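# Results of the structural survey
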Amino acid sequence: MKKISVMVPCYNEKENVVPISEAIVEQLEKNLPDYDYEILFIDNCSTDGTRDLLRMICNKNKKIKAILNVRNFGQFNSPYYGMCQTTGDCTITMCCDFQDPVELIPVFVHEWEKGYKIVSGVKTSSKENRFIYFLRTVYYKLIKNMSSVDMIEHFTGFGLYDKSFIQLLRELKDPIPFIRGVVAEFGYKQKEIEYEQPKRRAGKTHNNFYTLYDAAMLSFTSYTKVGLRLASFGGYICAFISFIIGIIYFVRKLLNWNSFSAGMAPLVIGLFFLSGIQLVFIGFLGEYVMNINQRVMNRPLVVEEERINFDNEDEGR
C-alpha cells in the first residue's frame, strides 16, 4: 500500500490547526481509502496554545505527527525541514490557514499516479487583498524573466512532491532553501493545477513587509544575477555621465565660459545623485554577500525541541 504524507507548517494557528487536521483526514479517508497516510505538523515555536492542541491531536490519532522547533526559524527553513522528515511515497505540503484547498489533495494524487513527479498548485486569482495579489503578480513576472531557471508564477510551494524529489532535498543540505527555486531548477516532470485562493479561515497572516522583502531578496540573490548586473551597468553609466560632465567643466574653465556658469548646484546635485546610486548598489551587493555568508556557515535548518508520534522511526532522516 502506498503512503501519502501531508506536511503542514504552522505558527500561532490555534484557531486553524484542529479544523485543518480534521479536513485533511476526511479527504484522505473518504477519497483516498486505498492509501496509507501520515500528517506531519512542524511548529515554528508558536506562543498562542497551538502546541497544546497539536499534542492533543497527535494523542488521538497516531498517524498525525508533530515536530516542535526550539524557536522560529523562518518561513523557508521550517517547511523545507518538515518535507525532509516525511516518510511517504509522496509528500503534499499545504498551509494551516485553509488558503491551500484541501479538496485538491485527491486531484494531486491522481495526477501523481499518472507519472508526474511534482504537481504544483498555481493561483489564478485570490479572494485576499487585490493590491497585494497585483504586487505578487509583478514580482513573479520579474523573477521569472530575470531568472536563469523557469520559475512558476503564483506558485507558493503548495503541491505534491514524489519521494525522489524529497530525497533530492535531503541531499542538497541547503541552509537557506527556496523551494520554488529548487522545483524550477531541477526540472522534474511537472503538472500545474490551477485554483482560486480563498480567504484565511481564521487568524491573521504572519506575512509583513519584512517577510515579503526577505522572500524577494532570497529569490533574486539565489536565482538571478540582476542585482550584480544592475550594479555593473549602473556604474558604467554613472562613470560615463561623470566623465562627460568633467570634460564640459574642464573646457568651461579653460575658456572662462562665464555665461555658462551655474555655481555649485550641478556639482552638489551630481554628488548626491551618484552617492544615492552607490548606496543602492552597495545594498544589492550586501544581499548577495549575506546569501553567500549564510551558505558558507552551513547552520542547521532548524533545531528540534520535541518530536511526537515518531516512536521507533529513524530520526536521522
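For the structure given in this document, a descriptive report is provided here. (Residues numbered from 1 in each chain as written. Predicted model: local features only at pLDDT ≥ 70, side-chain atom pairs only at ≥ 80, totals over all residues. Heavy atoms only, no water.)

### Digging into the overall build of the chain
On a plain count of helices and strands, the chain comes out with 10 helices and eight strands. Counting the 317 residues in the chain, one finds 46% classified as buried. A separation of at least 24 residues holds for 84% of the contacts in the chain among residues at least 6 apart in sequence. Accessible surface computed for the chain: about 17,100 Å², of which carbon and sulfur atoms make up 59%. (Helix = DSSP H or I, 4+ residues; strand = E, 2+ residues; numbered from the N terminus. Buried < 20%, exposed > 50% of the residue type's maximum accessible area, 1.4 Å probe, protein only. Contact = heavy atoms within 4.5 Å. Areas by Shrake-Rupley, 256 points an atom, 1.4 Å probe, with all protein chains shown as cover.)

### Observations concerning unusual backbone geometry
Positive phi is not limited to glycine here, since Asn 12 has a value of about 50°. Tracing the backbone through its elements, the reader meets Asn 12 in the loop between strand E1 (3-10) and helix H1 (17-31). Here the phi dihedral of Cys 45 falls at roughly 65°; this positive angle occurs in a residue that is not glycine. Within the secondary structure, Cys 45 sits in the loop between strand E2 (36-43) and helix H2 (50-60).

### Describing the pattern of salt bridges
Considering all chains together, one arrives at 12 salt bridges under this definition. Glu 38 is the partner of Lys 3 in a salt bridge, and the nearest nitrogen-oxygen pair spans 3.6 Å. One end of the pair, Lys 3, is in strand E1; the other, Glu 38, is in strand E2, and 35 residues separate them in sequence. Measuring nitrogen to oxygen at the nearest pair gives 2.8 Å for the salt bridge that ties Arg 307 to Glu 304. When salt bridges with common partners are traced through the structure, they connect Lys 3, Glu 38 and Lys 65 into a single cluster. (Salt bridge = Lys/Arg side-chain N within 4 Å of Asp/Glu carboxyl O.)

### Some thoughts on the side chain of Thr 93
Checked against the element boundaries, Thr 93 lands in strand E4 (residues 90-93). Only 2.7 Å separates the side chain of Thr 93 from the backbone oxygen of Gly 157, close enough to count as a polar contact. Apart from the residues lying within four places of it in its own chain, the contact partners of Thr 93 are Met 7, Met 83, Gly 157, Phe 158, Gly 159 and Tyr 161. (Polar contact = N/O pair within 3.5 Å; in protein donor to acceptor, adjacent residues only side chain to side chain.)

### A short note on the pairing of E4
The side-chain alternation of E4 yields two buried faces, one formed by Cys 90 and Ile 92 and the other by Thr 91 and Thr 93. In the sheet, E1 pairs with E4 via four bridges, with the strands oriented parallel. Bridged to Ile 4 within E4 is Cys 90. In this structure, E4 lies alongside strand E6 (residues 155-162), joined through four bridges in antiparallel fashion. Bridge assignment links Cys 90 to a residue of E6, and that residue is Asp 162. (Pairing = 2+ DSSP bridges.)

### A short note on helix H3 (residues 74-84)
The element H3 is largely enclosed, with a buried count of nine among its 11 residues. Residues of H3 that are buried include every one of Phe 76, Asn 77, Ser 78, Pro 79, Tyr 80, Tyr 81, Gly 82, Met 83 and Cys 84, and no others.

### So, a nonpolar patch on the surface
Taken together, the side chains of Ile 237, Phe 240, Ile 241, Phe 243, Ile 244, Ile 245, Ile 247, Ile 248 and Val 251 define a hydrophobic patch exposed on the protein surface, amounting to about 800 Å² of accessible area. Along the chain, Ile 248 turns up in helix H9 (residues 226-255). The exposure class assigned to Ile 248 is partly exposed, which follows from its relative accessible area of 37%. (Patch = residues over 30% accessible without salt bridge, like charges linked within 9 Å, V, L, I, M, F, W, Y side chains within 5 Å.)

### Side note on the nonpolar core
Ile 4, Val 6, Ile 24, Leu 28, Ile 39 and Phe 41 are the most contacted members of the largest nonpolar core, which has 40 residues in total. Looking at this core element by element, the count peaks at seven residues for H1. Setting aside its immediate chain neighbours within four residues, Val 6 contacts Ile 24, Leu 28, Glu 38, Ile 39, Leu 40, Ile 92 and Met 94. (Core = buried A, V, L, I, M, F, W, Y, C linked by side-chain atoms within 4.5 Å.)

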